[in-house]
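A look at the structure
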Amino acid sequence: MKIAFLGPEASFTQLTATQLFPNENLIAKANILDCFLAVQNNEVDKAVVPLENSIEGTVSMTLDYLFQTPDIRVEAEAIMPIAHQLMIHPGQDNGEAIEKIYSHPQALAQTFNFLNQHYPEVPKQDFASTAAAAKRVSENPDRKMAAVANKFAAQLYGLKIINENIHDFEQNHTRFIVISNSSVSLNTEENFDSNLKTSGEKTGLLITLPQDHPGGLHQVLSVFAWRKMNLSKIESRTLKTGLGHYFFFVTVVGGWDDLLYINSVDELQALGADVKFLGNYKEFLLES
Ligand SMILES: O=C(O)C(=O)Cc1ccccc1
């Protein structure tokens, strides 16, 4: 099986993909959109992308492409502890002369207080991923650059860690999702490794409200409330059709075999809402 991931090698996304798919062919992609396109074009069977971080919140690109990509399905979520390290080329002798710090915007946000306190004058620059930033530093031995990435990236790209565990809050976890093309039937034979720890099941939905009216969101939420469906996430994102136009990403805790749960989609549609069912899937708990 071919599995795309936000690369290059030694990204946090690759660490996640390796634990979920230890025996599959992992294919690095330059960004999150390319992971979605590879799934959409059937170039790969699945892809692993980050969805949300406990410090910085949702990865908005991932929510947007879930909404915009037809026939996209979520097959699993995986939660991974995240530890950030600041690294430089070993040819540079210390961190005092650093002129620029590179990383994925999520990683720069998760280490913002640390970097602001210790490197206040150093410009920070967004990069496609943490590992791409580390790779860039390794390819420029003469430049006074640093990257925020994980310790495996430091090892792989031969960099020296100058500040360890610089994430601003000790509890730092990222939730990743496994996506696939829903027009290709789901192969239940190739289920996830039974040795992986799981914390249960959930269901992902994308909901667009009917025409704006007072109590519209309340009406939609009441569909879940009277069925006693427990929501674990609700996030609004812009529809990009004008200011104030949103869709909602909602996750419901538990299985999806109860008739009451299944009927909730019909009721939402009867209320005029647009509903995209992303899947009912397991949430895995990984180790760093
Ligand atoms: O996978 C990576 O390395 C990324 O750049 C995305 C990311 C950034 C920060 C935490 C988890 C994933």
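In this text, all values refer to a predicted model and were calculated from it rather than measured experimentally.

Let us look at the UniProt feature "domain: ACT" (unreviewed entry) in the chain. When the UniProt feature table is mapped onto this chain, "domain: ACT" (unreviewed entry) is found at residues 205-280. Its end C-alpha atoms 9 Å apart, residues 205-280 is made of 29% helix and 36% strand.

When its domains are assigned, the chain resolves into domain 1 (2-81 + 173-185 + 198-285) and domain 2 (85-163). Between the C-alpha centres of domain 1 and domain 2 the distance comes to 31 Å. Elements represented by at least two residues in the side of domain 1 that touches domain 2 include exactly α1 (12-20) and β3 (46-53). When grouped by side-chain class, the residues that make up the side of domain 1 that touches domain 2 number nine nonpolar, four polar and two charged.

The relative placement of two packed helices is expressed as an angle between their axes plus a distance between the axes. Packing of helix α2 (residues 32-40) against helix α3 (residues 60-68) leaves a shortest axis separation of 10 Å and a crossing angle of 25 degrees. As judged from the angle between their axes, α2 and α3 are roughly parallel. Considering the relative orientation of α2 and α3, their crossing is right-handed. Contacts between α2 and α3 involve Ile-32, Leu-33 and Phe-36 on the former and, on the latter, Met-61, Thr-62 and Tyr-65.

On to the sheet that holds strand β9 (residues 145-149), then. Across the sheet, which stays open at both edges, the five strands sit in the order β8-β7-β9-β6-β10 with mixed pairing between neighbours. Edge positions in the open sheet fall to β8 (124-126) and β10 (160-163), since each of these has one partner strand only. On average, each strand axis in the sheet is inclined to that of its neighbour by 35 degrees, with strand direction left out of account. The sheet contact formed by strand β7 (residues 100-103) and β9 spans three bridges and is parallel. By the bridge assignment, Tyr-102 is partnered in β9 with Ala-147. Packing of helix α6 (residues 130-138) onto the sheet brings it into contact with β6 (85-88), β7 and β9, and relative to β9 it is tilted by some 155 degrees.

How each quantity is defined
Residues numbered from 1 in each chain as written. Predicted model: local features only at pLDDT ≥ 70, side-chain atom pairs only at ≥ 80, totals over all residues. UniProt positions renumbered as here; feature names shortened; annotations may be inferred. Helix = DSSP H or I, 4+ residues; strand = E, 2+ residues; numbered from the N terminus. Domains from an automatic or database assignment. Nonpolar A, V, L, I, M, F, W, Y, C, P; charged D, E, K, R; others polar. Axes fitted to C-alpha atoms, helices over the stretch in contact; angles between N-to-C directions. Parallel < 35°, antiparallel > 145°, perpendicular 65-115°, else oblique. Left-handed = near helix turned anticlockwise from the far one by under 90°. Contact = placed C-beta atoms within 7 Å. Pairing = 2+ DSSP bridges.

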